[in-house]
Amino acid sequence: MEIDCQPEESIVSAFDEDCVELGDVKDMRLEAEAVVNDVLFAVAEMHVSQSLGSASDVAYINVETREGNRYCLELTEAGLRVVGYAFDQVDEDLSTQYHETVYSLLDTLSPGYREAFGNALLQRLERLKQNGQ
């Protein structure tokens, strides 16, 4: 699946910068959208779940890696973690590690993500080098 996204824009932005604060609480629905926009170029498919209830303190993201593996991710103040191995699936018995960033989580799940992210970074550095000469 081809993604129409400029990877250099995704690399330099961090989803924490894009979050919306409601008092002292982040709106996780908006934070989830920012997470998706940051890494969409490096996965096969990713979207905020419409089936699972999102709230100001939790949101769910469905992701399919470049290897074809599907996950349901939970986003909270604690970070991101895998809660299911299919879209819109939450397995209450699953106990997985929280990751502070989506980059860290995907790095552990997907060699294809790691490669796409690295290639995008190299392309960005090459453009910066060319513009500097």
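Along each chain, residues carry numbers from 1 onward, in the same order as the chain's sequence is written. In keeping with the model being predicted, local features are shown solely for residues with a pLDDT of at least 70 and side-chain atom pairs are shown and tallied solely at 80 or more, while totals for entire chains, interfaces and linings include all residues. Excluded from the side-chain calculations are hydrogens and water; all other atoms, namely the structure's heavy atoms, are used.

An unreviewed UniProt entry annotates the protein chain as GSK3-beta interaction protein of Stegastes partitus. UniProt positions are given in the numbering used here, feature names are shortened, and annotations may be inferred rather than shown by experiment. Taken from UniProt, the Sequence similarities (unreviewed entry) comment for the protein chain reads in full: "Belongs to the GSKIP family."

Enquirer: I'd like a description of unusual backbone geometry, backed by residues and values.
Expert: Look at Asp88: it is not a glycine, yet its phi comes out positive at around 55°. Numbering of helices and strands runs from the N terminus, with a helix taken as a DSSP run of H or I at least four residues long and a strand as a DSSP run of E at least two residues long. By secondary structure assignment, the location of Asp88 is in the loop between strand S6 (79-84) and helix H3 (102-109).

Enquirer: Explain the pairing of strand S4 (residues 59-64) to me, using residue names and the numbers behind them.
Expert: Of all 6 residues making up S4, 6 are buried, and the element is well covered by its neighbours. Accessibility here uses a 1.4 Å probe with only protein chains present; expressed as a share of the type maximum, an area under 20% marks a residue as buried, one over 50% as exposed, and anything in between as partly exposed. Burial along S4 is two-sided: Ala59, Ile61 and Val63 and Tyr60, Asn62 and Glu64, pointing in opposite directions, are all buried. Direction of pairing for strand S3 (residues 45-48) relative to S4: antiparallel, over a ladder of 4 bridges. From the neighbouring strand, Met46 faces S4, where its bridge partner is Val63. For two strands to count as paired, DSSP must find a minimum of two bridges between them. As defined by bridge partners, S4 adjoins strand S5 (residues 70-76) across 6 bridges and the pair is classed as antiparallel. Of the residues in S5, the one forming a bridge with Glu64 is Arg70.

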